[in-house]
Amino acid sequence: MAGSSWRVVGVGGQVPVAGRVPTLTFEDAKVSGSGGCNVFSGSYQYDPASGQIRFGNIGMTARACAEPAANDFETRFSDALVRANGVSVDSQGRLTLSGPGGAILLEVDPQRAVEG
């Protein structure tokens, strides 16, 4: 995970608002990025053997998005991020973070990786 950057392509089956795509950048035990309107940072622990991940101490700026749809998507994204506890990669190289009950909470696409 460390040294990788990703663009969110979906949260709970919804796609991001154009021009307001959330991002995630992983460094050694630290995660940062954008929710589409606000920036965030925090910590993470990842166990590749079990596919378990845990995010902690996530702090986000508190600007409101001008577009209600962008605000709603950012809220979905941040809720999914703090609840995520599993990681998987599909055959197309998409990273999926999942939460309790195995529900897909957000997907990020390495083909659209951002420079971190």
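Residues numbered from 1 in each chain as written. Predicted model: local features only at pLDDT ≥ 70, side-chain atom pairs only at ≥ 80, totals over all residues. Heavy atoms only, no water.

Now for the side chain of N38. Tracing the backbone through its elements, the reader meets N38 in the loop between β3 (30-34) and β4 (39-47). Residue class for N38 comes out buried when judged on its relative accessible area of 3%. At a separation of 2.9 Å, a polar atom in the side chain of N38 contacts the side chain of T61. A polar side-chain atom of N38 sits 3.5 Å from the main-chain amide nitrogen of A62. With sequence-adjacent residues up to four places away left out, N38 is seen in contact with G33, M60, T61, A62, R63 and E74. (Helix = DSSP H or I, 4+ residues; strand = E, 2+ residues; numbered from the N terminus. Buried < 20%, exposed > 50% of the residue type's maximum accessible area, 1.4 Å probe, protein only. Polar contact = N/O pair within 3.5 Å; in protein donor to acceptor, adjacent residues only side chain to side chain. Contact = heavy atoms within 4.5 Å.)

L24, F26, F55 and L97 are the most contacted members of the largest nonpolar core, which totals 20 residues. Examining the composition of this core, we find that four residues originate from one element, helix α1 (residues 68-83), more than from any other. (Core = buried A, V, L, I, M, F, W, Y, C linked by side-chain atoms within 4.5 Å.)

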